Amino acid sequence: MRAFTRGLFRQPPSDTETAHAMRALAEVFLHSTAAEFRFGWDGTDVEHLDELCDRFVLPGQRAVTTRSAMAARMGAFVGELLVRNAGGRWVFDDACRTAAVELPNGQRVHPTERVSRRITVGHHHSIAEFYRAALAGDSLVFAPRQAG
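For the structure given in this document, a descriptive report is provided here. (Residues numbered from 1 in each chain as written. Predicted model: local features only at pLDDT ≥ 70, side-chain atom pairs only at ≥ 80, totals over all residues. Heavy atoms only, no water.)

1. Some points on the sheet that holds strand 3 (residues 108-109)
This is how it is decided: Strand pairing is defined by DSSP finding a minimum of two bridges between the two strands. Elements are defined by DSSP. Helices are runs of H or I of four residues or more, strands are runs of E of two residues or more, and each kind is numbered from the N terminus. Throughout, a residue-residue contact means that at least one pair of heavy atoms, one from each residue, lies within 4.5 Å. All axes here are fitted lines through C-alpha atoms, helices being fitted over the stretch that makes contact, and every angle between N-to-C directions spans 0 to 180 degrees.
Ordered in space as 1-2-3, the three strands form an open sheet in which the pairing is antiparallel. Strands with a single pairing partner mark the edges of an open sheet, and in this sheet they are strand 1 (89-93) and strand 3. Where strand 2 (residues 98-102) meets strand 3, two bridges bridge the pair, whose relative direction is antiparallel. Bridging from a neighbouring strand, V101 pairs with V109 of strand 3. Strands strand 1 and strand 2 of the sheet are contacted by helix 1 (residues 15-33), whose axis makes an angle of about 115 degrees with strand 1.

2. Considering helix 5 (residues 127-136)
The line we're drawing: The buried label goes to any residue with under 20% of its type's maximum accessible area, the exposed label to any with over 50%, and the partly exposed label to all in between, with areas taken from a 1.4 Å probe on protein chains only.
Listed in full, the buried residues belonging to helix 5 are I127, A128, F130, Y131, A133 and A134. Positive phi shows up at G137, right after helix 5, with a value of about 80 degrees.

3. Some words on the packing of aromatic side chains
As a reminder, the rule being used: Whether two aromatic rings pair depends on their centres lying within 6.5 Å, for rings of Phe, Tyr and Trp, where Trp uses its six-membered ring; planes under 30 degrees apart make the pair stacked, over 60 edge-to-face, and the rest tilted.
If you walk through the whole model with that rule in mind, you get five aromatic pairs. Each residue in the set F29, F37, F39, W41 and F77 is aromatic and connected to the rest through ring pairs, giving one cluster.

4. Quick word on the nonpolar core
Heads up, the rule is: Only buried residues count toward a nonpolar core. Its members are Ala, Val, Leu, Ile, Met, Phe, Trp, Tyr and Cys residues joined through side-chain atoms within 4.5 Å.
Among the nonpolar cores identified, the biggest contains 33 residues, and F29, F39, L49, M74, F77, L82 and V115 are the most heavily contacted of them. Sorting elements by how many residues they give to this core places helix 3 (residues 64-86) first, with 10 residues. If we skip the residues at most four places from it in the chain, V115 touches C53, A71, M74, G75, V78 and I127.

5. Digging into unusual backbone geometry
Residues other than glycine seldom take positive phi values, yet R97 does so here, at roughly 55 degrees. In this structure, R97 sits in the loop between strand 1 and strand 2. R97 sits in the partly exposed class, given a relative accessible area of 34%.

Nothing here speaks to function; it is geometry throughout.
Below is the structure:
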């Protein structure tokens with residue numbers, strides 16, 4: 001599986017490779033949280049994602065690498081929810097050099113980036129609100145950071 005951290009690959013992965021890798025990361029997230037949370041693929045428990053993020057928000061509480069790993073796994077899970085429940089599809093965003101979900105309205109969202117901001121910045125980047133807005137096809141004002 002290729003790394004989706006910016007700059008770790010010479011050739012961008014295909015959309016198929018991106019989808020495969022992100023699904024695998026989503027499964028890792030499900031298995032790693034199974035003892036405490038029972039997340040399903042229907043998205044009904046999405047509010048619990050914000051609760052889980054709260055455990056990683058405070059600086060010093062977790063190592064930066066732990067927060068980054070959680071953001072990648074949880075972001076993959078949120079993205080896979082959008083693929084399964086909103087009709088989205090995984091793509092590799094060349095401009096940002098990261099995985100994204102392209103929604104049926106053509107909008108690209110970056111769930112891993114959203115989770116990362118939720119963990120580092122806090123509540124006003126709610127994962128549940130992000131998911132519900134994307135599911136409804138609302139225009140999301142969240143712009144990903146540009147690669148570079």
